[in-house]
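Chain residues, written in single-letter form:
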Amino acid sequence: MYDQQPPHPARMPFPPGAYVPPRAPELSAGYRRWARILVGLAIVIAVLVVAAVVVSVVLLVQADADSANAAYGYLAIVLWVGIALAIPVLLAVAIPGAVMTRRVRQQRQAGITWP
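Report follows, based on the coordinates. (Residues numbered from 1 in each chain as written. Predicted model: local features only at pLDDT ≥ 70, side-chain atom pairs only at ≥ 80, totals over all residues. Heavy atoms only, no water.)

**Let's talk about the overall build of the protein chain**
Reasoning step 1: When helices and strands are tallied, the protein chain shows 2 helices and 0 strands.
Reasoning step 2: Looking at the protein chain as a whole, 19% of its 115 residues qualify as buried.
Reasoning step 3: Pairs at least 24 apart in sequence give 69% of the contacts found in the protein chain among residues at least 6 apart.
Reasoning step 4: Surface accessibility of the protein chain: about 9200 Å² in total, with carbon and sulfur atoms responsible for 69%. (Helix = DSSP H or I, 4+ residues; strand = E, 2+ residues; numbered from the N terminus. Buried < 20%, exposed > 50% of the residue type's maximum accessible area, 1.4 Å probe, protein only. Contact = heavy atoms within 4.5 Å. Areas by Shrake-Rupley, 256 points an atom, 1.4 Å probe, with all protein chains shown as cover.)

**Looking at the side chain of Gln 107**
Reasoning step 1: By the secondary structure assignment, Gln 107 is in helix H2 (residues 71-110).
Reasoning step 2: With relative accessibility at 6%, the residue Gln 107 sits in the buried group.
Reasoning step 3: Within the structure, the side chain of Gln 107 is placed 3.2 Å from the backbone nitrogen of Leu 27, a separation counted as a polar contact. (Polar contact = N/O pair within 3.5 Å; in protein donor to acceptor, adjacent residues only side chain to side chain.)

**Description of a positive patch on the surface**
Reasoning step 1: Taken together, the side chains of Arg 33, Arg 36, Arg 105 and Arg 108 present a region of like positive charge at the surface.
Reasoning step 2: Of all elements in the fold, only helix H1 (29-65) and H2 reach the threshold of two or more residues within the positive patch. (Patch = residues over 30% accessible without salt bridge, like charges linked within 9 Å, V, L, I, M, F, W, Y side chains within 5 Å. Salt bridge = Lys/Arg side-chain N within 4 Å of Asp/Glu carboxyl O. Lys, Arg positive; Asp, Glu negative; His and termini not counted. Charge placed at Lys NZ, Arg CZ, Asp CG, Glu CD.)

**Digging into the nonpolar core**
Reasoning step 1: Judged by nonpolar contacts, Ala 35, Leu 38, Ala 42, Ile 45, Val 49, Ala 52, Ile 83, Ala 86, Leu 90, Val 93 and Met 100 together constitute the single largest core of 11 residues.
Reasoning step 2: When residues in this core are grouped by element, the largest group, 6 residues, is from H1.
Reasoning step 3: If sequence neighbours within four positions are ignored, Met 100 has contacts with Tyr 31, Trp 34, Ala 35 and Leu 38. (Core = buried A, V, L, I, M, F, W, Y, C linked by side-chain atoms within 4.5 Å.)

**Considerations on a nonpolar patch on the surface**
Reasoning step 1: Together, Leu 60, Tyr 74, Ile 77, Trp 80, Val 81 and Leu 85 line one region of the surface with nonpolar side chains, adding up to about 630 Å² of accessible area.
Reasoning step 2: When residues of the nonpolar patch are assigned to their parent elements, the largest contribution, 5 residues, is made by H2.
Reasoning step 3: Residue classification places Trp 80 among the partly exposed positions, given a relative accessible area of 41%.

**Let's talk about the packing of H1 against H2**
Reasoning step 1: Put simply, H1 and H2 touch, their axes get as near as 7 Å, and they point 160° apart. By the criterion of interaxial angle, the relationship of H1 to H2 is roughly antiparallel. In the packing of H1 onto H2, the handedness of the crossing is left-handed.
Reasoning step 2: Each residue belonging to the contact of H1 with H2 can be placed in one class, and the counts come to 32 nonpolar, 5 polar and 2 charged. (Axes fitted to C-alpha atoms, helices over the stretch in contact; angles between N-to-C directions. Parallel < 35°, antiparallel > 145°, perpendicular 65-115°, else oblique. Left-handed = near helix turned anticlockwise from the far one by under 90°. Nonpolar A, V, L, I, M, F, W, Y, C, P; charged D, E, K, R; others polar.)

**Overview of H1**
Reasoning step 1: With 37 residues, H1 should reach 54 Å at 1.5 Å per residue; the first-to-last C-alpha distance of 54 Å fits that figure.
Reasoning step 2: Taken together, the buried residues of H1 touch H2. (Expected span 1.5 Å × (residues − 1).)

The structure is reproduced here in structure tokens:
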């Protein structure tokens with residue numbers, strides 16, 4: 001009983017100690033859909049921020065042209081506050097959307113097919 005040897009471990013297809021990168025899991029259709037949604041939202045927010053910058057500059061020019069239109073300067077300040085609040089939202093939507101889109105593109109280039 002004591003002279004029995006333990007069974008041999010299964011043979012590995014690669015040399016011991018070699019690094020084999022893990023296989024990436026397939027991305028679901030919901031993941032791809034959310035990647036497109038986030039990128040689309042980021043584009044919409046960026047367009048709104050650019051439009052707010054342009055409108056605020058126009059409002060400042062009008063406020064500077066005539067003292068009767070001084071309230072336009074305050075509207076420009078309100079737009080700047082909106083822009084300052086929209087920038088973190090833009091980053092919070094754009095960065096995950098870009099990362100998710102990159103993962104989808106990498107799997108598409110690797111030839112992994114989805115059901």
